[in-house]
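# Report on the structure
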Amino acid sequence: MNQPKKILACVDQSPYADYVADYSAWAARRFSLPLELLHIIDRHPEIATSDDHSGAIGFDAQENLLNRLTEEEGQRSREIRERGRVFLNGLKQRCERAGTDDVDIRQRYGQLLDTLDEQQRDVALYVLGRRGRSAAHTQRDLGRHVESISRKIQRPILTVASEFSEPKSLLVAYDGKRMTRGCITLIAGNAALADLPVHVVMSGKQTNESEKQLHWATETLVLGGFSVETAYLPGDPEQQIMRVLNDREIDILVMGAYSQSPLRSLFFGSKTNDLLRASRVPTVTVHL
Amino acid sequence: MTNIRQEWFSNIRSDLLAGLVVALALIPEAIAFSIIAGVDPRVGLYASFCIAVVIAFAGGRPGMISAATGAMALLMVTLVREHGLQYLFAATVLTGVLQIIAGWIRLGELMRFVSRSVVTGFVNALAILIFMAQLPELIDVPYAVYVMAGAGLAIIYGLPYVTRMVPSPLVAIVLLTAVSIYFGIDVRTVGDMGDLPSTLPVFLVPDIPLNLETLQIVLPYAATLMVVGLLESLMTATIVDDLTDTSSNKSRECVGQGVANIASGFLGGMAGCAMIGQSVINVKSGGRGRLSTLSAGIFLLLLLLFFSDWVRQIPMAALVAVMVMVSIGTFNWDSIRNLRTHPRSSSVVMVATVIVTVATHDLAQGVLSGVLLSGFFFAHKVGRILIVKSQSGDEGRLRTYTVLGQVFFASADRFNQSFDYKEVIEKVRIDVSRAHFWDITAVSALDKVVLKFRREGADVEVIGLNEASATMVDRFALHDKAETDDLLLPH
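Residues numbered from 1 in each chain as written. Chains lettered and ligands numbered in written order. Predicted model: local features only at pLDDT ≥ 70, side-chain atom pairs only at ≥ 80, totals over all residues.

## A look at the overall build of chain A
We apply this condition: Secondary structure elements are taken from DSSP: a helix is a run of H or I of four residues or more, a strand is a run of E of two residues or more, and numbering for both begins at the N terminus. Here, residue contact means that the backbone-derived C-beta atoms of the two residues sit within 7 Å.
Summing up its helical and strand segments, chain A has nine helices and 10 strands in all. Dimensions of chain A, computed from C-alpha atoms along their principal axes, come out at roughly 85 × 45 × 35 Å. Residue pairs in contact within chain A that sit at least 24 positions apart in sequence constitute 81% of those at least 6 positions apart.

Printed below as a string of structure tokens:
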């Protein structure tokens, strides 16, 4: 099996890019992995820019038109490319100032989701902004890409929504099911995080089974060298978790993401989306 | 969902404006070729409306313009003359049905046998046909017609240097119409050519006996119409693909053309297909999405319904000018310059396609002869990849012939002549393991060679026939994939 190799940070030209860069730089330092800043350029051949309404075609009409369109599109691509390059370079320097040295930058054409999916094999952690460039002029409080990406990508994804502050503790929203157990194993296996205290929080109905699960989580983490604090908070999971996040000033939330089918989420809403909307804390979601 | 948004609504303003510009270029072609087909302009104009609107939804190439075309109209002349309009409607519907079937069985993939030279020949022949169709309006007419047509062309090509904000063909038509009305110039106008649409098209079932005899009359026409319609549509789709750097769904386009023609036939229109010139105009004016095609069709009908009194008074000379423009814009002028530099064989293919088409007025025959010729030239070229080496051995008792290259019908003779039958020799060994035997002709040529040597009293041994004839199995690519890598090279 191929060992995951890099941290991939997706940035678009929005204020979130800085947050993404800072957090991904932090992660790269933590895990001693190379960082790649990726800027994806959407192409829109379905949109014309012509303002020629003369409707006349003369000698070599086809060739001339083809040459003109090629020239115009080439010009446009060059401009976008150059703007993207300068933008990425700025972010790279920002990361380097923060002390992360191994930073690569890359621009690619294509759709966001497909591009991220193609790279899965080489990526240990994805970092993206919870909202993007369209945030300023849409009412959405969660970027429309986040859910589709989380469902498709089987790697941990760190989504950030606010300015960087050095993370000092973790909270795992735990329900004892497969995906969140995966989160626990993932954290326990990362010695690089062992100095951060981990809070494991369960909520909802308390049963024998859940106690057993909580015990398992504690044991696994302690075995990994972590200091663990567990809590059982009956009530609405979203509210309870938000409360703990605020009370204990937790810096990173870890949770399983979108365990329900898309159809179920459509009708009953998704807990993942609720939490991502409600909290400003950087969140690692895991969809296995 | 994203697809619908992208294909319809991502380019609204440009699409609508382009549709308007294109509608102006659809009218002259529909009118001119209705007349040539021997029907009222109404038939062509209804067809253009129906086809443009239907193909906007059903087609596989957003941004391509389809309507009543010259290429199709030229094929209907005798049908209309001998059997009348109702049979034309029936043929149109049948054409549509055939095109849908062609789409389902992916006949479009046969387009890969149509070489670049044939496509160029097709385009040039089309331009020539469009131009020739204007000649009746230019021969034996008052002096004023020449002046008006010339002035029209001058406006069409001159105005863009001043402004590109208004369609110059529109300006030419409006100005010439105004002048001819104001000065009362006596020239032929659109109104003289026959009925124009006065209402929305209505549904009608062709009034023909539904029997085998009718089918016998209609089927040959429908078959030709299907072929020409799909040829021009798929070629135009490729052109639009190249211009916009996007891809299209060719099978869906075939089916879409079929649906559009069926609709046209039932709404009193004639068969049509994609239009190269108008599609180029559309892309040039910024049309990219399906909305441009739809709006072209709708603007066309609106123009005719609301301005019919004015449309009636447009002098034919103005439409001639527009069609001459379309023909100039469609013609591939590069191909003339390339005649000297391109390989002789591809020039011959191009010119043959043009000549056959112009002579028969049938693009299907032109393309067929072009395709046959290019196949012939290809076979001839590949047939030259054949080397036979010989080497004597065993102290002069044995001669070994080693055959390298392609043996098939075009090279079998050369294969035969490569052996020295006069040599007095005890034993002949023919090593064909590094040759490819492509057909039965190759095997029988080898048989002949063997017999000839035997007749001279020599023992003959053939080596590697199995390897050589592996290529004869029709689906050898499935048979052994690794082999195909260097299939055309000597092993």
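Additional details are given in the paragraphs that follow.
## Structural notes on the overall build of chain B
Each helix and strand in chain B was counted, giving 21 helices and seven strands. When its C-alpha atoms are laid out on the principal axes, chain B stretches across 100 × 50 × 45 Å.

## Quick notes on the domain arrangement of chain B
So the rule is basically this: Where each domain begins and ends is defined by an automated method or by a domain database.
As far as domains go, chain B holds domain 1 (2–376) and domain 2 (384–486). Look at where the C-alpha atoms of domain 1 of chain B and domain 2 of chain B centre, and you get two points 53 Å apart.

## Notes on the sheet that holds strand β10 (residues 283–286) of chain A
Residue and element names in this part refer to chain A. Heads up, the rule is: Two strands qualify as a pair provided that DSSP identifies no fewer than 2 bridges between them. Between N-to-C directions, angles cover 0 to 180 degrees, with each direction set by a line fitted to C-alpha atoms, over the stretch in contact for helices.
Pairing is mixed across the open sheet formed by 10 strands, whose spatial order is β3-β2-β1-β4-β5-β10-β9-β6-β7-β8. Taken across any chain shown, the strands that pair with only one partner, and hence form the sheet edges, are β3 (103–109) and β8 (228–233). Direction aside, neighbouring strands of the sheet carry axes that sit 25° apart on average. With four bridges connecting them, strand β9 (residues 252–256) and β10 associate as parallel partners. Within the sheet, the bridge partner assigned to L253 lies in β10 and is T283. Docked against the sheet, helix α2 (residues 61–97) engages β2 (35–41) and β3, running at close to 155° with respect to β3.

## Digging into the interface of chain B and chain A
Worth spelling out the cut-off: Each residue gets one label: Ala, Val, Leu, Ile, Met, Phe, Trp, Tyr, Cys and Pro are nonpolar, Asp, Glu, Lys and Arg are charged, and the others, such as Gly, are polar.
Each side of the interface is counted separately: chain B has 39 residues, and chain A has 21 residues. Of all the elements in the fold, those that place two or more residues in the side of chain B that touches chain A are α2 (12–37), α7 (143–162), α8 (168–182), α9 (212–244), α11 (276–284) and α14 (316–330) of chain B. Of the residues that constitute the side of chain B that touches chain A, the class distribution is 20 nonpolar, 13 polar and six charged.

## Description of the domain arrangement of chain A
Residues and elements named next belong to chain A. Taken domain by domain, chain A comprises domain 1 (6–44 + 80–160) and domain 2 (170–286). Computed over C-alpha atoms, the centres of domain 1 and domain 2 are 24 Å apart. With 15 residues of domain 1 at the interface, the matching set in domain 2 holds 13 residues. Counting residues per element, the ones that place at least two in the side of domain 1 that touches domain 2 are α1 (16–31), α4 (144–152) and β5 (157–160). Residues belonging to the side of domain 1 that touches domain 2 are distributed by class as follows: eight nonpolar, two polar and five charged.

## Concerning the pairing of strand β3 (residues 386–393) of chain B
Residue and element names in this part refer to chain B. For β3 and strand β4 (residues 398–407), the ladder comprises eight bridges, and the chain directions are antiparallel. The residue of β4 that forms the bridge with V388 is V403. In this antiparallel pair of consecutive strands, β3 and β4, the connection spans four residues, and D394 shows a positive phi of 50°.

## Concerning the packing of α2(B) against α14(B)
Residue and element names in this part refer to chain B. As a reminder of what qualifies: The labels follow the angle: roughly parallel below 35 degrees, roughly antiparallel above 145, roughly perpendicular from 65 to 115, and oblique for the rest.
Closest axis-to-axis distance for the α2/α14 pair is 9 Å, and the angle between their directions is 105°. Comparing their axes, α14 and α2 come out roughly perpendicular. On α14, the residues touching A25, P28, E29, I31 and A32 of α2 are L319, V322, M323 and V326. In the contact of α2 with α14, the residues fall into eight nonpolar, no polar and one charged.

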